[in-house]
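Single-letter residue listing:
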Amino acid sequence: MHPTRLEQLPDEIFLEICLYLRPYDVVNSFGHLNHRLEQTISQYRRDADLHHLTLYQFQRWFNHLLHYTAKSIVNLVVSNWNSPGQIYLFNQFIKSYDSLYYLLPNIKQVRLIDFTNNDFEILSKLDRIEKIFIDADALVPLAYSTHVLLDKYLFCSSSSHFKEIRLWGIEGGIRLQHHMPIHFNRHLERLTISVALLDDLILMFRRSPNLRNLNVEIAQHTTKKLRQNATVDMLPKHLTFFHFQTTDQNVLSSKDLDKLVSNIPSIELLSLDMDTNDFDYGSACYWIRMLSCLTKLKHVYFKLRIWLKSEMMPLDIDSIIQSFEQTNVPVCCYVDTRVLHLDTVPYNMKQFDTNMSVTTSPKAMLAKTTNIQLFNQRSRRIQTLIVDGQHDPTHINEWLSVITRFPGIEILQLNSVNIQDKENSAIDIENQTFQLPHMGYLHYIRSTSCKVHVPFFMFLAKNTMVSPQLKALSMMYGDLIYLCKRLPGCTFERIKELWLYGGEADGHVILRDIDLLLKTFPNLYHFYFNNQSSRFLNRHLQLIIETILRASPDLVSFRISCNKSSLKLLLSMDKETCTQWIRELCNLGEDERIHVTINEKLLSIWK
């Protein structure tokens, strides 16, 4: 029997194989072989996705593959996530070009992931591109000067005619320049943005008169007088999709929301995801009155977390449900010790063109609803589920009964976990059919007193029947060390990405604990460790770095950083000295490349 040659495979089978490969791998492996394969992989030449590449792969793409794909590239993704410094290096490579358009003449869309203060120079080269997506590095606060440049090149430049902009993940939201002359971008129709203040949203309305799709987060409330005078005339006349979110309880009162949306009658889909201390949001009468003003409304979604005062407890959930039964808005309602949760049902986000998140509580197990059939419908287009226990005493089955209603999630974040079940008690047999087949990322953020409930964690992180795709884990340092000590000899071979966070409750980083951690996670490709204060790292910083790099030869990226003060070891090194030290620790040969980023708060490595 003769082996089948690649050329003998039908296009359908060949393209099915390509679905399991990155665009880089397809072009690198099958490009320039013959005319037929060139035609078959033409779509993969259009998408230059540099996300997750090693430094060698990135350099090969730029030096060899870019030359013959440049005229084909329509979509470009450049990312610092798991490849720290990639955006900076990319910009260095294209320094001779005034505009990215001159290198990639058919470019329509650019996405920059984990954008940092080092990457600002690329902003001036994004003109003549239709769609710009920028997600900031959540662990590195952007400098004021970077805020200014983002505002200048995205919103205040006469040469920019972007049709769609995404600017997300900036800590505290972007602070716009209110003293600048107003530049109108009449081409901008779709905007996703995290702004600092309500003032900034009003300014965006003035700048973008033809918005049709707006997804906005307001990060913080201010008691200062607004600098922008909001008038009906400046509100967008063609807005059909409006999603608003905030975690600040004081940002938008029910009265202000009513005034805002009632003057935008073009809205067809209204979505809210917010924390608030305004109890009027829980009134069915309020929603009837407000929604009656939106004559073109087709869909309304809200996920409300109404923070309660002590005198409001206990709360009569039944009366809230009964009041909403008189409306056309099906909801579910439940309460924990401090928060009233009020959500529309079902959790079906098919009307959104992006994956959405849901924030809930273990107490959702006790939710009451106006429509049990809709409540029990399968969730759709929910990428991220955040379950916040607020350190209230809970049981495993409360968590699992909530999580199981979202089987399609890719990211699961568990906050403030305080499970009271004894660790020798078996997990309910009903949960043997529990599966999260697409979950790749587990964020287990803080257990009470750092005491992780081991059976619960193992059920989610170790059981391949439950989470077959799991590859990345985020935890608090104290929680993870507690876990490692409770599981001597246990290893998590399939975890390739580990993100650790440290704070006051986690204490000082101890070398022997780092050694234990590395034995528990032996196959890491990406390791990030961020601590609130340098004082928890400085004592053994050099030995910590040396231990991690020597014990993890397969690491592609590594970052250690702090938010407060400075890492003393890094202050005593220049970049050249630091790079040479890192090369020796990684045992790199002369031909092997490494990119090192160093400042007083951060050391990152990409190889």
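Scroll up to find the structure.
Side note on the packing of helix α5 (residues 55–69) against helix α6 (residues 86–93)
In helix packing, the relevant descriptors are the interaxial angle and the interaxial distance, both defined with respect to the helix axes. Direction vectors running N to C along α5 and α6 enclose 25°, while the axes themselves pass 12 Å from each other. One element, α5, and the other, α6, form an angle in the roughly parallel class. As for the relative orientation of α5 and α6, their crossing is right-handed in sense. Contact with α5, carried on its side by L55, F58, W61 and F62, involves Q86, L89, F90 and F93 of α6 and no other residues of that element. Classifying every residue of the contact of α5 with α6 by side-chain character gives 7 nonpolar, 1 polar and no charged.

As for the packing of helix α10 (residues 254–262) against helix α11 (residues 284–291)
Interhelical geometry of α10 versus α11 gives an angle of 20° and a closest axis separation of 10 Å. In terms of their interaxial angle, α10 and α11 are classed as roughly parallel. The handedness of the crossing between α10 and α11 is right-handed. On the side of α10, the interface is formed by S254, L257, D258 and V261, while α11 contributes Y286, R289 and M290.

As for the sheet that holds strand β23 (residues 602–606)
As summarised here, the arrangement of the 10 strands in space is β13-β15-β16-β17-β18-β19-β20-β21-β23-β22, forming an open sheet in which the pairing is mixed. The open sheet terminates on both sides in strands that have one partner only, identified here as β13 (356–360) and β22 (595–599). This sheet shows a mean twist of 10° between the axes of neighbouring strands, independent of strand direction. Pairing analysis gives 5 bridges linking strand β21 (residues 557–564) to β23, with the strands arranged antiparallel. In the strand pairing of β23, I560 is matched with L603.

Cut-offs and rules
- Residues numbered from 1 in each chain as written.
- Predicted model: local features only at pLDDT ≥ 70, side-chain atom pairs only at ≥ 80, totals over all residues.
- Heavy atoms only, no water.
- Axes fitted to C-alpha atoms, helices over the stretch in contact; angles between N-to-C directions.
- Helix = DSSP H or I, 4+ residues; strand = E, 2+ residues; numbered from the N terminus.
- Parallel < 35°, antiparallel > 145°, perpendicular 65-115°, else oblique.
- Left-handed = near helix turned anticlockwise from the far one by under 90°.
- Contact = heavy atoms within 4.5 Å.
- Nonpolar A, V, L, I, M, F, W, Y, C, P; charged D, E, K, R; others polar.
- Pairing = 2+ DSSP bridges.

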